[in-house]
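# Topology and contacts: notes
Residue-level listing of the chains:
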Amino acid sequence: IEVKSSTRVKDEHIPDLAYQKWVMEQCGYPVSRCSVIHADKNGVWPDVSSIFNCVDVTDQVADARPVVEENIENMLALTTPGCTTPDARAHFSKRCHNCNFKKTVCWKDIDAFTIYDVIHATKIPALEENDILYLRDIPDDFGLNARDRRNVTRINAESTDIDSQGITEILETLEYPIYFLDFESVSVAVPLFDGNHPWEKLPFQYSLHIMNPDGSVEHVEYLHEEASDPSESVAERLAQDIGEEGSIVVYHAGMEKGVLEYLRDRFPNHGAALQGMIDRLWDLELIFIKHYRHWKFGSKSSLKVVLPTLIPQLSYEDLEIQEG
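Read on for a plain summary of the structure.

This part is about the nonpolar core. Counting 25 residues, the largest nonpolar core has L181, F183, Y206, L238, I248, L260 and L263 as the members making the most contacts within it. Listing elements by their share of this core, those giving two or more residues are β5 (178–186), β6 (202–211), α7 (231–241), β8 (248–250), α8 (253–266) and α9 (271–279). Ranked by the residues each element gives to this core, the list is headed by α8, at 5 residues. If we skip the residues at most four places from it in the chain, Y206 touches L181, D182, F183, E221, Y222, V234, R237, L238 and D241. Core analysis: the next-biggest nonpolar cluster, separate from the first, contains 18 residues, I115, Y116, V118 and L144 among them.

Along the chain, H13 falls in helix α1 (residues 13–26). Accessibility expressed as a relative area gives 5% for H13, which makes it buried. Residues within four places of H13 in sequence aside, it is in contact with K4, S6, R8 and V36.

Take the pairing of β6 next. With 9 bridges joining them, β5 and β6 adopt antiparallel strand pairing. Counted as the bridge partner of L181 is L208 from β6. Connecting β6 to the next strand, strand β7 (residues 217–223), in antiparallel fashion are 5 residues, including G215 with a positive phi near 90°.

What follows covers α8. Here α8 contains 14 residues, and its C-alpha end-to-end distance of 20 Å stays within 8% of the 20 Å for a straight helix at 1.5 Å per residue. Inspection of α8 places A253, E256, V259, L260, Y262 and L263 among the buried residues, and these make up the whole buried set. Residues of α8 that are buried make contact with β5, β6, α7, β8, α9 and β9 (281–283).

Formally, a disulfide is one covalent bond, and it connects the sulfur atom of one cysteine to the sulfur atom of another. For the coordinates displayed, the defined rule picks out 0 disulfides. Among the cysteines around C27, which has no disulfide bond, C34 carries the closest sulfur, lying 15 Å off. Here C54 stays unpaired: no disulfide links it, and the sulfur of C34, its closest cysteine neighbor, is 11 Å away. Among the residues examined, C54 registers a relative accessible area of 44% and is labelled partly exposed.

The rules we used
Residues numbered from 1 in each chain as written. Predicted model: local features only at pLDDT ≥ 70, side-chain atom pairs only at ≥ 80, totals over all residues. Heavy atoms only, no water. Core = buried A, V, L, I, M, F, W, Y, C linked by side-chain atoms within 4.5 Å. Buried < 20%, exposed > 50% of the residue type's maximum accessible area, 1.4 Å probe, protein only. Helix = DSSP H or I, 4+ residues; strand = E, 2+ residues; numbered from the N terminus. Contact = heavy atoms within 4.5 Å. Pairing = 2+ DSSP bridges. Expected span 1.5 Å × (residues − 1). Disulfide = S-S within 2.5 Å.

This is the structure:
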């Protein structure tokens, strides 16, 4: 039984189990059944049995066994100190994204944007067949969609596309007072408090800057410091700190909207105020998706890409706390 924190059986769980089954059988332990236990988002703590779901994957694991045996020799070779693969080019793939060795081994000499950074997945196989890795090597007549072609052209020219009129029109929709809101939340597979579900997103902190019509700015914040469910306290403080009028500026609205919807549904007594906040969300990221495209953004628009590009001294690389 392989225990996973995910909420479903994923494709990569099967070869993982197949390899472990192979190892156990080499040690003389016959394995008759293979299962994945994963988190069930419908479960409610403290009913422990409800937060897990067990899925039999014995047949899928059996089908994967031949692939495991084929790869054993290659895997053993890679454990040898100083070993290098005979064809590093074969390792370039979109699947390398989360690989621990990407920057230090196969990709360490990559010095520019690649097809895996920008190009739509459906077009990548054809580019791979032509041994094209860098964007600069994509032929002008290769059939890219309009968005990808614009990105490739911008990156190769190291240029910036700015739609001043579009930016102005969006900024003119802002209404005072302007609230700049940012949440911090935690979600875990095994719930922290009674009544919670696996992977339920619990907001425990927020920062709120309030800009008044005269340009003055004030800052308020909330941090839950008790060993209890922070959700209702956050909802109550938000209702106090955010008025009924004014735009609420966020970056990548999905996060803040999801938290506000969660609080609205869970605490109906604050429902009207929270719904009003949802209706007034103003997403700053839209400017950098549609109207301001710097070549260093690549195809992305996240704050971790945009901020250090425009204001290098505010790079995330210098933070003492990394990865959240």
